[in-house]
Amino acid sequence: MDAGPIEDDAQTMGDRVFETAAELFAVLATPVRLKIISAVCNQERNVSELLAQIDTTQPNMSQHLSTLYRAGVLAKRRDGTQIYYRLQSERVAMLCRAVCTQVAIELDGGAELEAADRLVPAAQR
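Residues numbered from 1 in each chain as written. Predicted model: local features only at pLDDT ≥ 70, side-chain atom pairs only at ≥ 80, totals over all residues. Heavy atoms only, no water.

## What about the sheet that holds strand S3 (residues 82–87)?
Strands sit in the order S1-S3-S2 across an open sheet of 3 strands; the sheet is antiparallel. In this open sheet, the two strands that pair with only one neighbour each are strand S1 (45–46) and strand S2 (74–79). Across 6 bridges, S2 lies against S3 in antiparallel orientation. Counterpart to Lys76 in the pairing with S3 is Tyr85. (Pairing = 2+ DSSP bridges. Helix = DSSP H or I, 4+ residues; strand = E, 2+ residues; numbered from the N terminus.)

## Points about helix H2 (residues 31–39)
All buried positions along H2 are accounted for by Val32, Arg33, Ile36, Ile37 and Ala39. Mapping the buried residues of H2 onto a view down its axis gives an arc of 165°, with all of them on the same face. Opposite its buried face, H2 presents the exposed residues Pro31 and Ser38, each directed more than 90 degrees away. (Buried < 20%, exposed > 50% of the residue type's maximum accessible area, 1.4 Å probe, protein only. Arc of directions from axis to C-beta.)

## Details of the pattern of salt bridges
Evaluation of the coordinates by the stated rule reveals 2 salt bridges. A salt bridge links Arg77 to Glu44; its shortest N-O distance comes to 2.4 Å. Highlighted residues: Arg77 in strand S2 and Glu44 in the loop between H2 and S1, separated in sequence by 33 residues. Since its relative accessible area comes to 34%, Arg77 is described here as partly exposed. Close ionic contact of Arg97 with Glu90 constitutes a salt bridge, the shortest N to O distance being 3.4 Å. (Salt bridge = Lys/Arg side-chain N within 4 Å of Asp/Glu carboxyl O.)

## Brief notes about the nonpolar core
Core analysis: the largest hydrophobic core is formed by 20 residues, its most contacted members being Ile36, Ile37, Leu65, Val73 and Leu74. For this core, the element with the most residues is H2, which contributes 4 residues. (Core = buried A, V, L, I, M, F, W, Y, C linked by side-chain atoms within 4.5 Å.)

## Re a nonpolar patch on the surface
Taken together, the side chains of Met13, Val17 and Phe18 make up a nonpolar region of the molecular surface, amounting to roughly 330 Å² of accessible area. Given a relative accessible area of 63%, Phe18 falls into the exposed group. (Patch = residues over 30% accessible without salt bridge, like charges linked within 9 Å, V, L, I, M, F, W, Y side chains within 5 Å. Areas by Shrake-Rupley, 256 points an atom, 1.4 Å probe, with all protein chains shown as cover.)

## Regarding the packing of H2 against helix H4 (residues 58–70)
The N-to-C vectors of H2 and H4 enclose an angle of 70°; their axes lie 10 Å apart at closest approach. Between H2 and H4, the crossing angle belongs to the class labelled roughly perpendicular. Contact with H2, carried on its side by Val32, Arg33, Ile36 and Ile37, involves Asn60, Met61, His64, Leu65, Thr67 and Leu68 of H4 and no other residues of that element. Residue classes in the contact of H2 with H4 are distributed as 6 nonpolar, 3 polar and 1 charged. (Axes fitted to C-alpha atoms, helices over the stretch in contact; angles between N-to-C directions. Parallel < 35°, antiparallel > 145°, perpendicular 65-115°, else oblique. Contact = heavy atoms within 4.5 Å. Nonpolar A, V, L, I, M, F, W, Y, C, P; charged D, E, K, R; others polar.)

## A look at the packing of aromatic side chains
Per the stated rule, a full pass over the model turns up 0 aromatic pairs. Lying over the aromatic face of Tyr69, Lys76 brings its terminal NZ or CZ to 4.4 Å of the ring centre. One cation-aromatic arrangement involves Arg77 over Tyr84; the distance from NZ or CZ to the ring centre is 4.6 Å. (Phe/Tyr/Trp six-rings, centres within 6.5 Å; stacked < 30°, edge-to-face > 60°. Lys NZ or Arg CZ within 6 Å of the ring centre and 35° of its normal.)

## Some details on the side chain of His64
Along the polypeptide, His64 turns up in helix H4. Given a relative accessible area of 9%, His64 falls into the buried group. Of note is the side chain of His64, whose polar atom sits 2.9 Å from the side chain of Arg33. In contact with His64, other than residues within four places in its own chain, are Thr30, Val32, Arg33 and Ile36. (Polar contact = N/O pair within 3.5 Å; in protein donor to acceptor, adjacent residues only side chain to side chain.)

Take a look at the structure:
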């Protein structure tokens, strides 16, 4: 028996959810991008300010900022020769904060969790 139209729609929606989530995780999958999100979490910053906080080259920073901007994670505005970046998506910031906070707790050894509940595998601690 074939799946009906409702089941097909649910399957298509499920596929889109997982594909979109995977795309978001791919955008967030570099430490520099997570550091950028953290740096602009509470206030906008220009490229010079970000370079002072994050150890990377200017071309590398620009590439990561461009990726985050194109993905809709960051917004930008120009003021003279400076470009300022700010968070466009508070939900992405909340996701990053939750995951990074949990990982920090686990790496610090402060969390007594079952192995199956950990985000960080034992070999990485």
